[in-house]
Amino acid sequence: MAEVQLERRGSVAVLTLDNPPVNALSVALLTSLAQHLAAGLKEPAIKAFVLTGAGKIFVGGADIREFGKPRPPDAPTLAEIIEKIENARVPFVAAINGVAAGGGLELALACHARLAAPAARLGLPEVKLGLLPGAGGTQRLPRLVGVEAALEMIVSGELKPAQAGLELGIVDAVAGGDLLTAAVAHAETLAAAGKPPRKTREIGGKIAAANAKPDLFAGWRKETARRFRGYEAPQRCIDCVEAAVKLPFAEGLKAERAAFLERVGSEQSKALRHVFFAEREVAKIPDVPPDTPTLPIKSAAVIGCGTMGGGIAMNFANAGIPVTVVESTKEALERGLAIIAKNYAATAAKGRLGQAEMEKRIGLIKGASSFEEIKGADIVIEAVFEEMEIKKEVFAKLDAIAKPEAILATNTSTLDVDAIAAVTKRPEKVIGTHFFSPANVMRLLENVRGKKSSKETIASVMALSRRIGKIGVLVGVCDGFVGNRMLHAYTRQANSLILEGALPHEVDKVIYDFGFPMGPFAMGDLAGLDVSWRIRKRRLAEGGDNHPAYIVGDRLCELGRFGQKTGAGWFRYEAGSRTPVPDPLVEELILKASAELGITRRKIGGEEILERCMYPLINEGAKILDEGLALRASDIDIVWINGYGFPAYRGGPMFYADRIGLATIAQAMRRLHEQHGAILRPAALLERLAAAGKGFGEP
Ligand SMILES: NC(=O)c1ccc[n+]([C@@H]2O[C@H](COP(=O)([O-])OP(=O)(O)OC[C@H]3O[C@@H](n4cnc5c(N)ncnc54)[C@H](O)[C@@H]3O)[C@@H](O)[C@H]2O)c1
């Protein structure tokens, strides 16, 4: 039960906000705080107040579960409470015992003095949910720290350590000893001085300084548009800070309030709030309860030190877990380890990693050329060539050498995890861990549950994902798993579109403008066109169909145009540049292919391009859900946001589909099905939900 406790320490009243786990400012907590304030402010014996948080956190922020829900009409708002505190006749001191984020920091900013514990962190992260600080944060912070420092904090949403907060002027002191005692003493001193409490709203010097820089806001808007392309909230944050500079305090506060309400109702904020909850939901697996025992991972091994193996090994070292890397030859091992060292050196050169820390991490990675060396590992991740025979051979060997309780994981992107597990005597210990390239950077990890993977194995790998800084999503075995299977549905349409009349740069522009970092053709060039070409050739050799959509992609590969690494693919690349330049030769190949296939090219508009790329992607997601290969629609959203650059401010493909309305998408898919045949048949789940007027988020 959320409540505020009041404790008397002499003439000082200590108010402790207590609403586990993060002391969120729920209606219940605010109501309790308002009651204490009303009573306490009337008492002549109370000469000062100290505000602090119970447990390890001051206040984590607003209670976002209450957003958009009806509030009791008489419930006090944070803004009202803040107004009372700032205008109180007696001083209020914030004793910031831990994180003070969002509304928590706003509450502290309205106090007349602030003391922080050394481990406290301070910030206004509302922007990350598509919002902005709505209780005076954009007006008070610039008055304390200056306009540019406030813009940086509010626009980025990052939290600052207490010491930085002191240097910036957010807090008056960092109290190393007993914070509460120090805060009470400070409150007594302020009360004894008998001066009217210092109101943050009345501090003007730093705000006035910004008026001397007329281009400041225009510059911030431009840079922010580049840094957070497509995101609306950062721009609205700048508007509010500008209002703090240009308007009287009360007017600025009104402007902030209006902007905040607009944000709460915005599509982008709804999407980002969905993503916030989806990220927390992803760890829940219905048949693997949270108390499932996990295997403690104290050491790891990686087989293969190529593109993926090297990055995977770095993840372990970064998390402080010793890792042995096995390669087939001494040369390959040396090459792989040298790339790891080069990657670390590049991070250190950018100032993101200290020399000692870098050496420590490199020291945790041990090279080996014999499988014998993996004997002690708790988990072995295989990242050798993508060929079933090689994988089977490796797993049979691993099974014989690894200790019996060790987990054996494969990083395969297309092969059947169950077939790999079948060559071992411990299929319950086998699982897929599908990393994304570059493996040391990308946050997504698809954990592929085999038919026989045990609950313990699943729970262990999900826990390990978090430990190495990844967001693990549990998926089932199928061709391409969740992400690549959907990617395939999308790139196939992109390839069809260019045969029907569009050009690669036109398709890419639509997808880029939608919010992806790049379109499907530039992405192909980045990943290497030869990868999917080899897979297509293999499938063809195995008797699969040869879809004409890929005719141009095949021809590019036959010409040795594998993408960026060969200086040309779907686009041309100037030496040393990663900027795709449309190439007349590719256009010629495309026109020729259309003619050969008897297709009369037509003008295809942006809207059609977007629908043709996104709806089949969503349709494939629906099939995946129906087949039980993803646990929930929001897991698919997490996969696409973290693995493929789907814009988070659109909430992921399945959330986006719900916003459009599944009836609209089903109707479009029916039309596409008629025009293009079975490959675009509407998914049964899509039809069912559309008919019932439901969305993926509420099946
Ligand atoms: N490259 C990607 O973007 C990507 C993404 C996800 C998953 N994967 C998967 O990861 C795996 C590795 O791919 P990659 O891109 O790193 O390939 P790669 O060719 O860069 O690296 C494979 C490495 O494995 C080594 N190797 C081969 N057989 C071995 C053996 N028996 N013992 C020890 N080492 C051996 C090779 O010498 C090579 O260095 C594949 O299964 C691939 O499908 C790749």
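This section reports on the structure supplied with the text. What you see is a predicted model, and the numbers here were worked out from it, not measured in a lab.

### With respect to the site of the ligand
Lining the immediate environment of the ligand, one finds 21 residues, of which M308, E327, E386, K391 and S413 sit closest. Within the side chain of K391, one N or O atom sits 2.5 Å away from an oxygen atom of the ligand. Coverage of the ligand by the protein chains reaches 77% of its 830 Å² of free accessible surface. Within the residue set of the shell around the ligand, elements represented by two or more residues are helix 13 (307–318), helix 16 (388–401) and strand 16 (430–435).

### A word on the packing of helix 5 (residues 147–156) against helix 9 (residues 216–227)
Working note: a packed helix pair is described by the angle between its axes plus the distance between those axes. Where helix 5 meets helix 9, the axes come as close as 12 Å, and the angle between the chain directions of the two elements is 25°. If you check the angle between helix 5 and helix 9, you find them roughly parallel. In this structure, helix 5 crosses over helix 9, and the sense of that crossing is right-handed. Each of V147, E148, L151, E152, V155 and S156 in helix 5 lies in contact with helix 9, whose residues at this interface are L216, F217, W220, T224 and R227. Each residue belonging to the contact of helix 5 with helix 9 can be placed in one class, and the counts come to 6 nonpolar, 2 polar and 3 charged.

### Structural notes on the sheet that holds strand 4 (residues 57–59)
Strand order in the open sheet formed by 4 strands is 4-6-8-9, and the pairing between neighbours is mixed. Bordering the open sheet on either side are strand 4 and strand 9 (160–161), each of which pairs with just one other strand. In terms of strand pairing, strand 6 (residues 99–101) meets strand 8 (residues 121–123) through 2 bridges, oriented parallel. If you follow A100 over to strand 8, its bridge partner there is L122. Strands in contact with helix 3 (residues 103–110) are strand 4, strand 6 and strand 8; relative to strand 6, the strand with the most contacts, it is inclined by about 95°.

### Some words on the sheet that holds strand 7 (residues 113–116)
With respect to topology, 6 strands assemble into an open sheet ordered 1-2-3-5-7-10, the strand pairing being mixed. The sheet is open, and its two edges are formed by strand 1 (3–9) and strand 10 (173–174), each paired on a single side. In terms of strand pairing, strand 7 meets strand 10 through 2 bridges, oriented parallel. Counterpart to L115 in the pairing with strand 10 is A173.

### With respect to unusual backbone geometry
Residues other than glycine predominantly adopt negative phi, and peptide bonds predominantly adopt the trans conformation. That bond from P20 to P21 is cis: its omega, 5°, falls within 30 degrees of zero. Looking at the secondary structure, you find P21 in the loop between strand 2 (12–18) and helix 1 (27–40). For the peptide bond that leads from S437 to P438, omega is -5°, which places it in the cis range. By the element assignment, P438 lies in the loop between strand 16 and strand 17 (444–449). Positive phi is not limited to glycine here, since N23 has a value of about 55°. Under the relative-accessibility criterion, N23 is labelled buried at 2%. Phi angles above zero are rare outside glycine, and F481 is one such case at about 55°.

### Re helix 25 (residues 606–626)
Between its terminal C-alpha atoms helix 25 stretches 30 Å, which fits the 30 Å expected from 21 residues at 1.5 Å a residue. Judged by how many residues are buried, helix 25 sits mostly within the fold: 15 of 21 residues are covered. In the stretch just after helix 25, G628 is the one whose phi turns positive, near 75°.

### A short note on the packing of aromatic side chains
Counted under the stated rule, the structure contains 15 aromatic pairs. An angle of 85° between the planes, with centres 6.4 Å apart, marks the rings of F516 and W640 as edge-to-face. Note that F516 is positioned in the loop between helix 20 (504–514) and helix 21 (520–527) and W640 in helix 26 (residues 633–644), a separation of 124 residues in sequence. For W640, a relative accessible area of 0% translates into the label buried. Measuring from centroid to centroid gives 4.3 Å for W640 and Y644, while their planes differ by 20°, and the two rings are stacked. On the criterion of helical spacing, the pair formed by W640 and Y644 is a turn pair, its members being 4 residues apart in helix 26.

### Focus: the environment of L686
Tracing the backbone shows L686 in helix 29 (residues 684–691). By relative accessible area, which is 0% here, L686 ends up buried. Residues L686 and G661, spaced 25 residues apart in sequence, show a C-alpha to C-alpha distance of 10 Å. Among residues more than four places away in sequence, those in contact with L686 are N619, A622, L662, I665, A666, M669 and F696.

Conventions and cut-offs
- Residues numbered from 1 in each chain as written.
- Predicted model: local features only at pLDDT ≥ 70, side-chain atom pairs only at ≥ 80, totals over all residues.
- Heavy atoms only, no water.
- Near = heavy atom within 4 Å.
- Polar contact = N/O pair within 3.5 Å; in protein donor to acceptor, adjacent residues only side chain to side chain.
- Areas by Shrake-Rupley, 256 points an atom, 1.4 Å probe, with all protein chains shown as cover.
- Helix = DSSP H or I, 4+ residues; strand = E, 2+ residues; numbered from the N terminus.
- Axes fitted to C-alpha atoms, helices over the stretch in contact; angles between N-to-C directions.
- Parallel < 35°, antiparallel > 145°, perpendicular 65-115°, else oblique.
- Left-handed = near helix turned anticlockwise from the far one by under 90°.
- Contact = heavy atoms within 4.5 Å.
- Nonpolar A, V, L, I, M, F, W, Y, C, P; charged D, E, K, R; others polar.
- Pairing = 2+ DSSP bridges.
- Buried < 20%, exposed > 50% of the residue type's maximum accessible area, 1.4 Å probe, protein only.
- Expected span 1.5 Å × (residues − 1).
- Phe/Tyr/Trp six-rings, centres within 6.5 Å; stacked < 30°, edge-to-face > 60°.

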